[in-house]
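The lines below spell out each chain.
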Amino acid sequence: MTFEDAAEKAIAFRDERDWAQFHNPKDLAISISLEASELLEVFQWSGSDLEVPAKADRAREELADVAIYCIYMADALGIDLASAVSDKLDDNSRKYPADKARGNARKYTEI
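As a starting point, this report considers the structure included with it. (Residues numbered from 1 in each chain as written. Predicted model: local features only at pLDDT ≥ 70, side-chain atom pairs only at ≥ 80, totals over all residues. Heavy atoms only, no water.)

**A word on the overall build of the protein**
Stage number 1. For the protein, the helix and strand inventory stands at five helices and zero strands.
Stage number 2. Reading the protein from its N terminus to its C terminus gives the helix and strand order α-α-α-α-α.
Stage number 3. Relative to the globule expectation of 13 Å for 111 residues, the C-alpha radius of gyration of the protein, 17 Å, shows a markedly less compact shape.
Stage number 4. Dimensions of the protein, computed from C-alpha atoms along their principal axes, come out at roughly 50 × 35 × 30 Å.
Stage number 5. Relative to its 111 residues, the protein shows a buried fraction of 17%.
Stage number 6. Taking the contacts inside the protein whose residues are at least 6 apart along the sequence as the reference set, 52% of them involve residues at least 24 apart.
Stage number 7. On the protein, roughly 8,400 Å² of surface is accessible, and the fraction owed to carbon and sulfur atoms is 55%.
Stage number 8. Computed over 14 positive and 23 negative side-chain charges, the inter-centroid distance for the protein is 8 Å. (Helix = DSSP H or I, 4+ residues; strand = E, 2+ residues; numbered from the N terminus. Rg over C-alpha atoms; globule rule 2.2 N^0.38 Å. Buried < 20%, exposed > 50% of the residue type's maximum accessible area, 1.4 Å probe, protein only. Contact = heavy atoms within 4.5 Å. Areas by Shrake-Rupley, 256 points an atom, 1.4 Å probe, with all protein chains shown as cover. Lys, Arg positive; Asp, Glu negative; His and termini not counted. Charge placed at Lys NZ, Arg CZ, Asp CG, Glu CD.)

What follows is the structure, given as structure tokens:
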């Protein structure tokens with residue numbers, strides 16, 4: 001399945017339930033944040049295990065929830081999400097040129 005197929009499926013799911021009426025940008029932003037927090041919860045108290053492979057299925061579900069709400073937010077704001085991601089990566093490429101940023105975790109203002 002392509003990203004576009006998944007986005008169309010998410011929009012169809014929402015529309016079949018007449019939920020778009022509840023999907024204003026403020027509430028969608030809140031939902032994105034809440035779902036991202038649930039993704040963080042997967043790793044809570046994992047100690048030195050930074051990957052938590054036993055919880056990969058749960059992380060997958062929470063990540064999907066974040067992505068679905070991002071699709072809904074993009075739709076509510078009339079944003080082509082794939083183009084927005086591409087544009088952001090182009091911006092980041094200028095801020096973080098590979099020859100200077102490779103293997104470096106510092107902010108672009110510090111490289």
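Past the structure itself, the notes keep going.
**A short note on the packing of aromatic side chains**
Stage number 1. Counting across every chain of the model gives three aromatic pairs.
Stage number 2. Seen in terms of ring centroids, Phe 13 and Trp 19 are 5.6 Å apart; in terms of plane orientation they differ by 75°. Their pairing is edge-to-face.
Stage number 3. Look at Trp 19 and you get partly exposed, because its relative accessible area is 35%.
Stage number 4. Relative to Tyr 72, the ring of Tyr 69 lies with its centre 6.0 Å away and its plane at 85°, an arrangement referred to as edge-to-face. With Tyr 69 and Tyr 72 both in helix H3 (residues 56–77) and three residues apart, this pair spans about one turn of that helix.
Stage number 5. Tyr 69 gets classed as partly exposed once you look at its relative accessible area, which sits at 23%.
Stage number 6. Directly above the aromatic system of Phe 13 lies the positively charged group of Arg 17, at a separation of 3.6 Å from the ring centroid.
Stage number 7. Over the face of the ring belonging to Trp 19 we find Arg 17, whose NZ or CZ atom lies 6.0 Å from the ring centre. (Phe/Tyr/Trp six-rings, centres within 6.5 Å; stacked < 30°, edge-to-face > 60°. Lys NZ or Arg CZ within 6 Å of the ring centre and 35° of its normal.)

**A few points about a nonpolar patch on the surface**
Stage number 1. A grouping of Phe 13, Trp 19 and Phe 22 is seen on the molecular surface, where their side chains present a nonpolar patch of about 310 Å² in accessible area.
Stage number 2. Structurally, Phe 22 is set in the loop between helix H1 (3–16) and helix H2 (25–43). (Patch = residues over 30% accessible without salt bridge, like charges linked within 9 Å, V, L, I, M, F, W, Y side chains within 5 Å. Salt bridge = Lys/Arg side-chain N within 4 Å of Asp/Glu carboxyl O.)

**Some details on helix H4 (residues 81–95)**
Stage number 1. For H4, which comprises 15 residues, the first-to-last C-alpha distance of 21 Å matches the rise-based estimate of 21 Å (1.5 Å per residue) to within 8%.
Stage number 2. The opening residue of H4, the one whose side-chain oxygen lies 3.2 Å from the backbone nitrogen of Ala 82, is Asp 80. (Expected span 1.5 Å × (residues − 1). Polar contact = N/O pair within 3.5 Å; in protein donor to acceptor, adjacent residues only side chain to side chain.)

**What to know about unusual backbone geometry**
As a rule of thumb, non-glycine residues mostly have phi less than zero, and peptide bonds are mostly trans rather than cis.
Stage number 1. At Asp 18, a residue that is not glycine, the phi angle is positive and equals roughly 55°.
Stage number 2. Its place among the elements puts Asp 18 in the loop between H1 and H2.
Stage number 3. Even without being a glycine, Trp 45 presents a positive backbone phi close to 60°.
Stage number 4. Inspection of the secondary structure puts Trp 45 in the loop between H2 and H3.
Stage number 5. Exposure remark for Trp 45: the relative accessible area of 78% places this residue in the exposed category.

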